[in-house]
Amino acid sequence: MSHKYAIGVDYGTQSGRAVLVDLTNGHEVADHVTPYPHGVIDETLPTSGKQLEHDWALQHPGDYIEVLRRSIPAVLAQSGVSPADVIGLGIDFTACTMLPVDERGTPLCFKPEWSDNPHGWVKLWKHHAAQDEADRLNAMAAQRGEKFLPRYGGKISSEWMIAKVWQIANEAPDVYDASDLFTEATDWVISQLTGNFVRNSCTAGYKSIWHKREGYPSSDFFKALDPRLENLTETKLRGDIVPLGTKAGELTEEMAKLTGLNAGTAIAVGNVDAHAAVPAVGVVTPGKLVMAMGTSICHMLLGTEEVEVEGMCGVVEDGIIPGYLGYEAGQSAVGDIFEWFVEEAVPAYVKEAAGKEGVGVHQWLTERASAYRPGETGLLALDWWNGNRSVLVDTNLTGVIVGFSLLTKPEEVYRTLLESTAFGTRKIIDAFHHNGVPVDEVYACGGLPQRNRLLMQIYADVTNREIKIADSKQTPAVGAAMFGAVAAGSAKGGYDSVVDAAKAMARVREETFKPIPENVAIYDKLYREYGELHDYFGRGANDVMKRLKALKDETSR
Ligand SMILES: Nc1ncnc2c1ncn2[C@@H]1O[C@H](COP(=O)(O)OP(=O)(O)O)[C@@H](O)[C@H]1O
Ligand SMILES: O=C(CO)[C@@H](O)[C@@H](O)COP(=O)(O)O
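Residues numbered from 1 in each chain as written. Chains lettered and ligands numbered in written order. Predicted model: local features only at pLDDT ≥ 70, side-chain atom pairs only at ≥ 80, totals over all residues. Heavy atoms only, no water.

### A word on the sheet that holds strand β15 (residues 314-317)
Our working rule: Paired strands, as defined in this entry, are two strands with at least two bridges between them according to DSSP. Each helix is a run of DSSP H or I of at least 4 residues and each strand a run of E of at least 2, with the numbering of both proceeding from the N terminus. Here an axis means a line fitted to C-alpha atoms, over the contact stretch when the element is a helix, while the angle between two N-to-C directions is reported on a 0 to 180 degree scale. Whether two residues are in contact is decided by their heavy atoms: any pair within 4.5 Å suffices.
Strand order in the open sheet made by the seven strands is β15-β16-β14-β13-β19-β20-β21, with mixed pairing throughout. Bordering the open sheet on either side are β15 and β21 (508-513), each of which pairs with just one other strand. On average, each strand axis in the sheet is inclined to that of its neighbour by 25 degrees, with strand direction left out of account. Relative to strand β20 (residues 467-470), strand β19 (residues 441-445) runs parallel, the two sharing three bridges. Within β20, the residue paired with Y443 across the bridge is K468. Sitting on the sheet, helix α15 (residues 453-463) is in contact with β13 (288-293), β14 (297-303), β19, β20 and β21, with an inclination near 65 degrees to β21.

Have a look at this one:
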């Protein structure tokens, strides 16, 4: 049999990337990135220029197809691989990134009657405008003692499906009524590739409160939330829910023309970006935390029992690797915080100096920040620029920096922001480790470990754990390709399980980041201070962040 390949497509926050992977060794033969033509839509609708409210984040579903149209032919051309040797394709996506579609699977925003209604569009994972609904859902679930709540760390996030669907029902009942299905974008793209609509058990489990043994919450619960939602799971959330690695179907003739692949190529069910990355770094057993580090961080961990951990995003059986309980936690802004600083808060002289030296602003700041020892800036920050997604689970929390003086330099602030995100990660690791889900090893993948060595050393020092780095530029896409190979199966030159695929294809670099004992000692002290601030602002001692946010909403209305 000739050499076989699979393609993985990773749909990130700002772009989609395709990778063509050699199935014998996981080697990335070719990759190509397509920035979303419409990017993240958080100010105005591209159709009418209609203004969006605070906390909205939308996307254009056409951009997802554009990624397939541009990036798949590009990797085929770059590699020279024959489409006949590409035996499978898998995708991974941000989540919960969801959209309403009609009976034909057409996104409502494509239809003239709905294109001017923001609720007809894709709600991106970081759309945070359904916090009211999430709060009410959590209060009702707690009051009724719903069994599902502890599985999600005690709180369902406003980023997830039910809160977003309920927001649509509340703010745009006509859109709600016109929607035949609410679907994760990952399942929608797969339905476009294959002509079959199936839901994957990963997003259903983590984002739509579905449980392998118990199914969705009861219709009584939904009725108590809102009578309109009573039959939601049998109607607008209906659809077979199938495990990761299942073959969703085969590439249609139409999509074969669009992508340059052969019709009939095996297509795996949709997956989530961070979850797909886990087998791609070779993690198929418990005790090993995988951090997918980019705009945000998702922390992924396998366990053998269902344990309740404060603020975890969720625990789902088979949610990452079949046979294990998959745990997820996360920070909703990490790279995004650094980007905010670079774009919005550095003085002009920094940009000029970086420009003169021919380096990016991140690099310029990082080089200077590296000259400081832990503690030397006198600064400490809370990493809540986009709310808190784990432990506290509250999108109404905001950022803080303590310790400014007239001598504070931009590079010191930058370093402090890097450190704050490492403290956020340590909170999550501690929550798992001390509650029966051990974290013995840490792996990192995503854009950040490739770009910032200082950041990775800080994470090793703050967590006091050695960090192994993925030997791949596009780890989730490689993971998605593995699932594509599993959808194809060994008879076609693929694999029969993702564990087999990981054995052959996963790769980490030889070089690791090891904790430096003197840094660990100082960061322990700073972490205690971080804990004080974390609880003071985050656990109700001082709700100033929420009052400021409420005042802001009131005055800007
Ligand atoms: N040198 C750098 N140091 C730290 N962060 C960086 C650097 N360069 C880019 N970033 C951040 O990386 C993030 C993008 O990460 P990436 O993994 O590429 O994307 P995504 O999260 O969409 O998958 C951006 O938020 C950006 O601010
Ligand atoms: O929430 C999840 C996964 O559960 C992510 O999709 C979300 O954090 C976005 O990830 P990126 O930062 O774009 O890699």
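### Some words on helix α17 (residues 498-505)
For an α-helix, 3.6 residues make a turn, and residues three or four places apart therefore share a direction. This is how the line gets drawn: A 1.4 Å probe rolled over the protein chains alone gives each residue an accessible area, and that area as a share of the maximum for its type sets the label: buried under 20%, exposed over 50%, partly exposed in between. The directions from the helix axis to the C-beta atoms form the arc being described.
What α17 keeps buried is the set V498, A501, A502 and M505. Down the axis of α17, the buried set is contained in an arc of 100 degrees. They therefore lie on one face. If you follow the buried residues of α17, they end up packed against β2 (15-22), α9 (273-280) and α16 (475-488).

### Quick word on empty space enclosed by the protein
As a reminder, the rule being used: The pocket and cavity definitions rest on a 1 Å grid over protein atoms only: a 1.4 Å probe that fits but cannot leave marks a cavity, an open set with protein on both sides within 12 Å along at least five of seven lines marks a pocket, and residues lining either have an atom within 4 Å of a point. Grid points are joined across faces, edges and corners, and a volume is the space filled by probe spheres set on the points. Here the term charged refers only to Asp, Glu, Lys and Arg, the term nonpolar to Ala, Val, Leu, Ile, Met, Phe, Trp, Tyr, Cys and Pro, and the term polar to all other amino acids, Gly among them.
Scanning the model with the defined rule gives three cavities of 30 Å³ or more in all. Roughly 100 Å³ of volume is contained in the largest cavity. Lining of the largest cavity is provided by 16 residues; of these, Q331, D383, W384, N388 and S390 occupy positions nearest its centre. Elements represented by at least two residues in the lining of the largest cavity include exactly β16 (325-331), α13 (410-433) and α18 (517-538). Broken down by element, the residue count for the lining of the largest cavity peaks at three residues, all from α13. Considering only residue class, the lining of the largest cavity consists of five nonpolar, eight polar and three charged. Listing elements by their share of the lining of the second largest cavity, those giving two or more residues are β9 (199-200) and α6 (201-207). Looking at the lining of the second largest cavity residue by residue, the classes come out as two nonpolar, three polar and three charged.

### Side note on the UniProt feature "domain: Carbohydrate kinase FGGY C-terminal" (unreviewed entry) in the protein
As a reminder, the rule being used: UniProt positions are given in the numbering used here, feature names are shortened, and annotations may be inferred rather than shown by experiment.
Sites flagged by UniProt as "domain: Carbohydrate kinase FGGY C-terminal" (unreviewed entry) map to residues 290-488. Between the C-alpha atoms that bound residues 290-488 there is a distance of 26 Å. The span itself is 42% helix and 19% strand.

### Here we look at the site of ligand 1
Applicable threshold: Throughout, the term near means that a residue has one or more heavy atoms lying within 4 Å of the molecule or strand in question. Any pair of N or O atoms that falls within 3.5 Å is considered a polar contact. Within protein, one atom must be able to donate a hydrogen and the other to accept it, and sequence-neighbouring residues count only if both atoms are side-chain atoms. Accessible surface area values rest on a Shrake-Rupley calculation with a 1.4 Å probe, where residue burial reflects the displayed protein chains alone. Occupancy of a cavity or pocket is assigned to a molecule whenever over half of its atoms lie within 2 Å of that pocket's grid points.
Near ligand 1 there are 15 residues, and of these T295, G335, E339, G447 and N452 occur at the shortest range. Here an oxygen atom of ligand 1 sits 3.3 Å away from a polar atom, N or O, in the side chain of R17. Expressed as a share of its isolated accessible area of 590 Å², the protein-covered part of ligand 1 is 85%. Assessed atom by atom at 2 Å from the grid points, ligand 1 resides in the second largest pocket. Mapped by element, the contributors of at least two residues to the shell around ligand 1 are α10 (335-345) and α14 (447-451). Of the residues forming the shell around ligand 1, the biggest block, four residues, is contributed by α10. Within the shell around ligand 1, the residues separate by chemical class into four nonpolar, seven polar and four charged.

### A closer look at the pairing of strand β1 (residues 5-11)
Here β1 lies mainly inside the structure; seven of its seven residues are buried. Here β1 shows no split at all, with Y5, I7, V9 and Y11 on one side and A6, G8 and D10 on the other all buried. Bridging between β1 and strand β5 (residues 86-93) involves seven bridges; their strand directions are parallel. Along β5, the bridge assignment pairs A6 with G88. Counting the residues in the hairpin turn of β1 and β2 gives three residues.

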